[in-house]
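Here is what each chain is made of, one letter per residue.
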Amino acid sequence: MTGESGTKIGLEIHVQLNTGKLFCRCRSTGETHTGTRISRRLYATTGEMGKSDSAVKFETFRNRTFEYLVTENSCLVEADEEPPHHIDGEALETALVVASKLDCILLERVFVMRKLVIDGSNTSGFQRTALVGIGGTINTSRGPVRISSVCLEEDSARKTETNGSSVQYSLGRLGVPLIEISTEPDIKDEEHAVETARAISFVVTATGKAHRAAEAIRQDVNVSFGHGRIELKGISRISDIKECIRAERERNAALGSAISILGERTGNETFNLTLRDVSELFRDTQSRVLKKGLEAGNQILGLVLPGMHGLLKSGDFRLGRELADAVKTVGLSGLMHSDELPGYGVTEEEVRNLRSMLSPRKVDGFAIMVARVTDIERIRTAMELRLAKIITMDLAETRGYNPEIGTFFLRPLAGSERMYPETDVEAIEYDQKHVCALSEKLPRTPEEASMEISRKYGISRQDADTIFRENSLALLERISEISSDSRWATRFILQLKGAFETKHGKALSEDEIISILEAVRNRNLGRESMEKALDLVYAGKETPLSVSASSSIVPLSSQELDTILRQILDEGGPGSEKSRIIASIREKSGRPFDPSTAMKAYDSLKARAGK
Amino acid sequence: MSDLGSIKFGAAIRFRYRNTVLSGTFIGIENGIVTIKLANGYNAGFLPDSIEILEHSEVKAERKKEPTRKAEGAKISILSTGGTIASRVDYTTGAVKPSEDIDWLLESAPFNRNGSRLTAEFRIIENILSENMKPSNWIAIARKIKTDLDAGRSVVVLHGTDTMTYTASAMAFMFRSLSHPVVFTGSQRSSDRPSSDSFLNVEGAVSVSSSNLGEVAIAMHSSPSDDCISAMRAVRTRKMHSTRRDAFKPIEEGPMGKYSNGKLEMYGEYRPLSGESTLDDRLEQSVTMTYFYPGLSAGDFESMASGKKAVVIMGTGLGHIADDLLQSIRRLSRDGTEFMMTSQCIYGRVNPFIYSTGRNLSDAGVTYLGDMLSEVAYVKSMYVLGNFPADRFRELMTSNLRNELLERLKL
Ligand SMILES: [Zn+2]
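Residues numbered from 1 in each chain as written. Chains lettered and ligands numbered in written order. Predicted model: local features only at pLDDT ≥ 70, side-chain atom pairs only at ≥ 80, totals over all residues. Heavy atoms only, no water.

Scanning chain A for helices and strands turns up 18 helices and 19 strands. With the C-alpha coordinates of chain A rotated into their principal frame, the extents come out at 110 × 65 × 45 Å. Expressed as a percentage of the 611 residues in chain A, the buried residues total 53%. Counting contacts in chain A only where the partners sit at least 6 residues apart, residues at least 24 apart contribute 73% of the total. Of the roughly 26,800 Å² of accessible surface on chain A, a fraction of 48% belongs to carbon and sulfur atoms. (Helix = DSSP H or I, 4+ residues; strand = E, 2+ residues; numbered from the N terminus. Buried < 20%, exposed > 50% of the residue type's maximum accessible area, 1.4 Å probe, protein only. Contact = heavy atoms within 4.5 Å. Areas by Shrake-Rupley, 256 points an atom, 1.4 Å probe, with all protein chains shown as cover.)

Written as structure tokens, this is what we have:
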């Protein structure tokens, strides 16, 4: 099952659902901030088996406070001021159907668990998650890939800002249902990973319950190149999977060579680093970063990096990046090292002075950073721990990916001890037969899916295909229901929406669109009025709340149409030609009307005038 | 096949389920469902007939931790009475139960960081959820507190939040004077979650216990944020929310002090400490409390009230109940039952002189208790009946003994 040279690849696909939130009755969308903020701390607890998780210890070491922005779509549950309500039935059913479709064994009861996450992204300090299926498979062109589990979990809060040791999150996304599908490391290479990810996301989108937002699908890739499992987190584009795996492979290889050189130079014994205050050398520095740091009351700390000359950043070597990752975990913004100095405004003279103060050997590197002298112990510990791990080529950890800079350190891997039962939610019973029946009905291929959409909504295969590919099925369903016209709904989604956006240079959220359409429908007004209302809001002349009360969305009555037509005919000229008449009415009145009624009225007026 | 009943919690097991061999940790059997923690950390539920146990390990009995710790020269005692703050999850049943051990709660407290350690004595004096507290428990708790006060220690009491104001108010009345502060605290969000309010509540309570506060206090979150703890007068405080961290609010007054950013600031009006602690440890338990509602029948009312020494009536608005209960009150009063009136409104005072209903009740012998909180009135009448002659009851109930009555309600 392993690919070339000990490579192992597995995937974890997360898809947000468009149902309500998982454990409260808030909507999944509508992330407007109310202005209320709360601040919190999290305290590490031990897991069910009495073992504390290493990822948890790491967070306690960081000692941070968290600030949460309250949003319109959040309640006491998200604020961890109330226990969870019962699980969202639609979300649970969707997860079970997906598990069944992936040939998983469904478990007799669904248990909600607490997965310890104390980086602040969950107000409670844990993420609620439930295992719904195990041991499935998905077929790919290069053989079956085993599915280890399908889970239904709460999405985390979105990080909005990091400021030193304080991190800010918005509560809007917290609690949105997320289906997590994990594969065994059966994936052969990066191309195969992309294919597998596409096949799995199809199964979820086929339910019509997948969220449409750009970040609704997120991938984690588990890779190992023989030096421990690396979890690459939160890759939002399926196509990025390929680049991300490649970048991590290269990092592993480069670290391997760097460490063997370092070993020859130092014996790779424990590193004992000594940080010292070197601020005096930079009193008159022109380096913006250092100057700003000193002005803010910080110091410049410097240290020798034994044996690391030329390994920090040259050729493929990037040990500097690893050390920067380490100091970032204790709240620093980074460091500057000897392979890139002079640079960043640090002059040759300053480097010379620094060198004579630190007196590194020829093979040694050195680095400086903006920090407080009082933080020396924490910085030293963080750097030494990082080096101790790397020199043994223990590369197992959780990393992030950014197309610009490649992969970067996030946190240690979380073990399986970090889970214990959510005692506030009872074990859930469900009807397995019902779930299996629903999963039988799901389309097997994208072609089948669009055929089904085309049949159900009476729209062309081509339109249905686009609707499915763009994951707009849920939107189509809602607009069709409101407008009682699925063809108009299709036209709106595929043409009008884009046209409005281009014309007015403004986009509306799906929630805003739906609320506008509903308000118009509630006034018993039809499609023309809906289009007019949307036009007014896109143009910024009305707000989503005010538009339904506007008189400009009321269609012209037949008398009003007659009056306008008479005026046009009286004025004569090219505007009164039959081919131009619709445009002329629009010019005279900003209000909506039915063009075919207008044409009939025109014809009968003409006929009367002819007599 | 092994017998499921012989497998112990925590045993490693291997089993077959629908032709798949799985492994995990045995948790238990409840309501006909076998719970097994799978290798991936998730709990999974199985019908007993659907699984075949292939093998399981034996589990050694766990070493029990010594539940109390004595600290030489400690200036503070932390007494646990049970409740959420001293609760842990029972992983066998999944239920939250009082814990026998509170050390873990204080391990991560900031006063135990950076090499320094709080010298405090920890003792478990009760282990009950607060809804199970009885007046007899209050007396026992008061006596234990007295021992610590006399030993020169201030006292932090860990208590369930549901009836914390009752117990704390009972302490407030029973201790005529305090030589060291007595501070109650608890937890609204269980201590087994990293976000629990327990940690900061204990930190705040410990800090308040170092002040010169001579009144029994409740120290709990001031807001949903983990940044401030209010020190509130026990006899003016009420639990006003079922789940929020800031559930406890002083009614019609502000807190006596606040603890924030590691600093305690006391600014309210309060009685300072005295040279010694005086405890009146008797409570008359023949007291009841009844909530008036439209349709409350004289029969139901009497079955609550008859034979009692005192009855607190939580009336509507200014302190009213239906006319048809007046007869019962007159009759029971003649037999020696004392009736008192408080308001269901919680905020604001009762007044018998605005409407004829109030005047009639007052004429029938009902004592109007101003803005005293109903729960406080209940506890206070037990105290007054237990420790003073019966003919002083009305006088003492309407006098301000522990700042439980406010003369001025501020806007
Ligand atoms: Zn909510």
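After that view of the structure, there is still more to cover.
All names here are of chain A. Within the open sheet, the four strands sit side by side as β2-β3-β9-β8. Their pairing is mixed. Both outer strands of the open sheet, β2 (33-40) and β8 (158-163), are each paired with one neighbouring strand and no more. Within the sheet, the average angular offset between the axes of one strand and its neighbour, ignoring direction, is 20°. Bridging between β2 and strand β3 (residues 65-71) involves five bridges; their strand directions are antiparallel. From the neighbouring strand, S39 faces β3, where its bridge partner is E67. (Pairing = 2+ DSSP bridges. Axes fitted to C-alpha atoms, helices over the stretch in contact; angles between N-to-C directions.)

Residues and elements named next belong to chain A. Counting buried residues in strand β16 (residues 365-371) gives seven out of seven residues, a clear majority hidden from the surface. Taken together, the seven bridges between strand β14 (residues 299-305) and β16 define a ladder with antiparallel strand orientation. Along β16, the bridge assignment pairs I300 with V370. Note: strand β15 (residues 336-337) against β16, two bridges, orientation antiparallel. Following the sheet pairing, H337 is matched in β16 by A367.

Residues and elements named next belong to chain A. For the zinc ion, the full set of protein donor atoms is C24 (SG), C26 (SG), C75 (SG), E78 (OE) and E78 (OE), and the range of their distances to it is 2.2 to 2.5 Å. Given a relative accessible area of 2%, C24 falls into the buried group. A residue is classified by how much of its surface remains accessible, and C26, at 12% relative accessible area, is buried. (Donors = N, O, S within 2.8 Å, 3.2 Å for Na, K, Ca; no water.)

Moving on to the packing of aromatic side chains. With the rule as written, the count across this model stands at 12 aromatic pairs over all chains. Aromatic pair F500 of chain A and Y538 of chain A: ring centres 5.0 Å apart, planes at 15°, arrangement stacked. Of the two residues, F500 of chain A is situated in helix α13 (residues 486-504) and Y538 of chain A in helix α15 (residues 527-538); the sequence distance between them amounts to 38 residues. The class of F500 of chain A is buried, set by a relative accessible area of 9%. Between Y383 of chain B and F388 of chain B, the aromatic rings sit 5.8 Å apart at their centres with planes inclined by 75°, giving edge-to-face as the arrangement. Linked through ring pairs, F66, Y68 and Y169 of chain A together constitute an aromatic cluster. (Phe/Tyr/Trp six-rings, centres within 6.5 Å; stacked < 30°, edge-to-face > 60°.)

This next bit is on the interface of chain A and chain B. Across the contact, 47 residues belong to chain A and 45 residues belong to chain B. Interface area for chain A against chain B, summed over the two sides, is near 3,800 Å², with a carbon-plus-sulfur share of 55%. The largest per-residue losses of area from chain A upon contact with chain B belong to Y43, E81 and E108 of chain A, which jointly make up 20% of the total buried on that side. Measuring nitrogen to oxygen at the nearest pair gives 3.1 Å for the salt bridge that ties D80 of chain A to R245 of chain B. Across the contact surface, chain A and chain B share 17 residue pairs in polar contact (both at pLDDT 80 or more). Only β2, β4 (105-106), β5 (112-116), β6 (126-140), β7 (143-154) and β19 (419-421) of chain A provide two or more residues apiece to the side of chain A that touches chain B. Per-element tally for the side of chain A that touches chain B: the top contributor is β6 of chain A, with six residues. Classifying every residue of the side of chain A that touches chain B gives 22 nonpolar, 11 polar and 14 charged. (Buried area = accessible area lost by both parts, 1.4 Å probe. Salt bridge = Lys/Arg side-chain N within 4 Å of Asp/Glu carboxyl O. Polar contact = N/O pair within 3.5 Å; in protein donor to acceptor, adjacent residues only side chain to side chain. Nonpolar A, V, L, I, M, F, W, Y, C, P; charged D, E, K, R; others polar.)

All names here are of chain B. Strands sit in the order β4-β3-β2-β1-β5 across an open sheet of five strands; the sheet is antiparallel. The sheet terminates laterally at β4 (43-46) and β5 (51-56), the two strands that pair on one side only. Neighbour to neighbour, the strand axes of the sheet diverge by 45° on average, direction disregarded. The pairing of strand β3 (residues 33-38) with β4 spans four bridges and is classified as antiparallel. Looking at the pairing, I36 lines up with A44 of β4.

Attention now moves to the nonpolar core. Within the largest apolar cluster, 87 residues are counted, with the highest numbers of intra-cluster contacts made by I241, L319, M369, I379 and M383 of chain A. Looking at which domains feed residues into this core, each of domain 1 (4-229 + 416-421) and domain 2 (264-394) of chain A supplies at least three. (Core = buried A, V, L, I, M, F, W, Y, C linked by side-chain atoms within 4.5 Å. Domains from an automatic or database assignment.)

Next up on the list: the domain arrangement of chain B. Residues and elements named next belong to chain B. Assigned domains within chain B: domain 1 (4-56), domain 2 (74-279) and domain 3 (287-397). Relative to domain 3, the C-alpha centre of domain 2 lies at a distance of 31 Å. Contact with domain 2, which involves 15 residues of that partner, is made by 14 residues of domain 3. Each partner contributes to the roughly 1,400 Å² buried at the junction of domain 2 and domain 3, and carbon and sulfur atoms together form 70% of this total. When the area that domain 2 buries against domain 3 is broken down by residue, the three leading residues are Y166, F173 and R238, summing to 41%.

Turning our attention to the domain arrangement of chain A. Residue and element names in this part refer to chain A. Domain parsing of chain A yields domain 1 (4-229 + 416-421), domain 2 (264-394), domain 3 (443-553) and domain 4 (558-610). Opposite the 12 residues of domain 1 that make contact, domain 3 presents 14 residues. The contact between domain 1 and domain 3 buries some 1,000 Å² in all, and 49% of this surface belongs to carbon and sulfur atoms. Between D511 and R27 there is a salt bridge; the shortest N-O distance is 3.2 Å. At the boundary of domain 1 with domain 3, the tally comes to three residue pairs in polar contact (both at pLDDT 80 or more). Here the side of domain 1 that touches domain 3 is built from residues that sort into three nonpolar, six polar and three charged.

It is worth spelling out the confidence of the model for chain B at this point. When pLDDT is averaged along chain B, the result is 90, and 90% of the positions lie at 70 or above. Among the scores for the predicted complex, ipTM is 0.91 and pTM is 0.82. (pLDDT = per-residue confidence, 0-100.)

Let us now look at the confidence of the model for chain A. Per-chain confidence: chain A averages 89 in pLDDT, with 95% of residues scoring 70 or above. Across chain A, element-level confidence peaks in strand β10 (residues 177-183) of chain A with a mean pLDDT of 97 and bottoms out in helix α1 (residues 54-62) of chain A with 55.

Residues and elements named next belong to chain B. Of all six residues in strand β21 (residues 310-315), six are buried, a share of seventy percent or more. Alternating residues of β21 divide into A310, V312 and M314 and V311, I313 and G315, and every residue in both groups is buried. Inspection of the sheet shows strand β20 (residues 287-291) paired to β21 by five bridges, in the parallel sense. By the bridge assignment, T290 is partnered in β21 with I313. Of the crossover connections in this fold, the one passing from β20 over helix α5 (residues 298-305) to the parallel β21 is right-handed. (Right-handed = clockwise from strand over helix to strand, strands pointing away.)

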